[in-house]
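Structure assessment
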Amino acid sequence: QVQLVESGGGLVQAGGSLILSCTASGGIGSIYDMGWYRRAPGKQRELVATITDSGTTNYADSVKGRFTISRDNAKRTVYVQMNSLKAEDTAVYYCNAHVRAILQSRSSSYWGQGTQVTVSS
């Protein structure tokens, strides 16, 4: 059973930094796109950043220049380095990965359980 486990959330002051990690495990054949999404209170879940298996990245306009997504394919882990955090970055952050499980012919989208990031102003 494929699982994504996130870590690294917490409370930080505005202007500070955090790094989130997400590791995939369990019956994995191949991992394709990985990414981070977030859901702020009272809002819909939105894209933060994605990265393909070859390293091509995509960012939401709201985080460009402040957040950096990266991955370590050997460790099956995706990271997001978040700098210059703002109060409006407060949200639950979710890891997402498109994974082809062992013995499966197609990939499926998997989600982590979410990790809270709170930025105090």
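Conventions and cut-offs
Residues numbered from 1 in each chain as written. Predicted model: local features only at pLDDT ≥ 70, side-chain atom pairs only at ≥ 80, totals over all residues. Heavy atoms only, no water. Salt bridge = Lys/Arg side-chain N within 4 Å of Asp/Glu carboxyl O. Buried < 20%, exposed > 50% of the residue type's maximum accessible area, 1.4 Å probe, protein only. Helix = DSSP H or I, 4+ residues; strand = E, 2+ residues; numbered from the N terminus. Pairing = 2+ DSSP bridges. Axes fitted to C-alpha atoms, helices over the stretch in contact; angles between N-to-C directions. Core = buried A, V, L, I, M, F, W, Y, C linked by side-chain atoms within 4.5 Å. Contact = heavy atoms within 4.5 Å.

Focus on the pattern of salt bridges
All told, the structure shown has four salt bridges when counted by the stated rule. Across the pair Lys-64 and Asp-61 runs a salt bridge whose closest N-O atoms are separated by 3.1 Å. Accessibility expressed as a relative area gives 49% for Lys-64, which makes it partly exposed. Accessibility expressed as a relative area gives 64% for Asp-61, which makes it exposed. A salt bridge links Asp-89 to Arg-66; its shortest N-O distance comes to 2.7 Å. Here Asp-89 is found in the loop between strand 8 (77–82) and strand 9 (91–101), whereas its partner Arg-66 is found in the loop between strand 6 (57–59) and strand 7 (67–72), with 23 residues between them in sequence. Exposure class is identical for Asp-89 and Arg-66. Each is buried. Here the residues in one salt-bridge network are Arg-38, Glu-46, Arg-66 and Asp-89, joined through shared partners.

Focus: the sheet that holds strand 1 (residues 3–7)
The four strands are arranged 1-3-8-7 in an open sheet whose pairing can be described as antiparallel. Edge positions in the sheet fall to strand 1 and strand 7, since each has one partner strand and no second. Taking each pair of neighbouring strands and ignoring which way they run, the sheet shows an average axis angle of 15°. When strand 1 meets strand 3 (residues 18–25), the two strands line up antiparallel, connected through five bridges. Paired with Ser-7 across the strands is Ser-21, a residue of strand 3.

Points about the nonpolar core
Trp-36, Phe-67, Val-78, Met-82 and Tyr-93 are the most contacted members of the largest nonpolar core, which has 32 residues in total. Contributing elements (two or more residues each) for this core: strand 3, strand 4 (28–39), strand 5 (46–51), strand 7, strand 8, strand 9 and strand 11 (115–120). In terms of residue count, strand 9 provides more of this core than any other element does, six residues in total. Residue contacts for Tyr-93: discarding those within four places in its chain leaves Glu-6, Leu-20, Trp-36, Tyr-37, Arg-38, Val-48, Phe-67, Met-82, Gly-114, Thr-115 and Val-117.

So, the environment of Arg-39
With respect to the element layout, Arg-39 can be found in strand 4. Here Arg-39 is in contact with Gln-44, Arg-45, Ala-91, Val-92 and Tyr-94, once residues within four sequence places are set aside.

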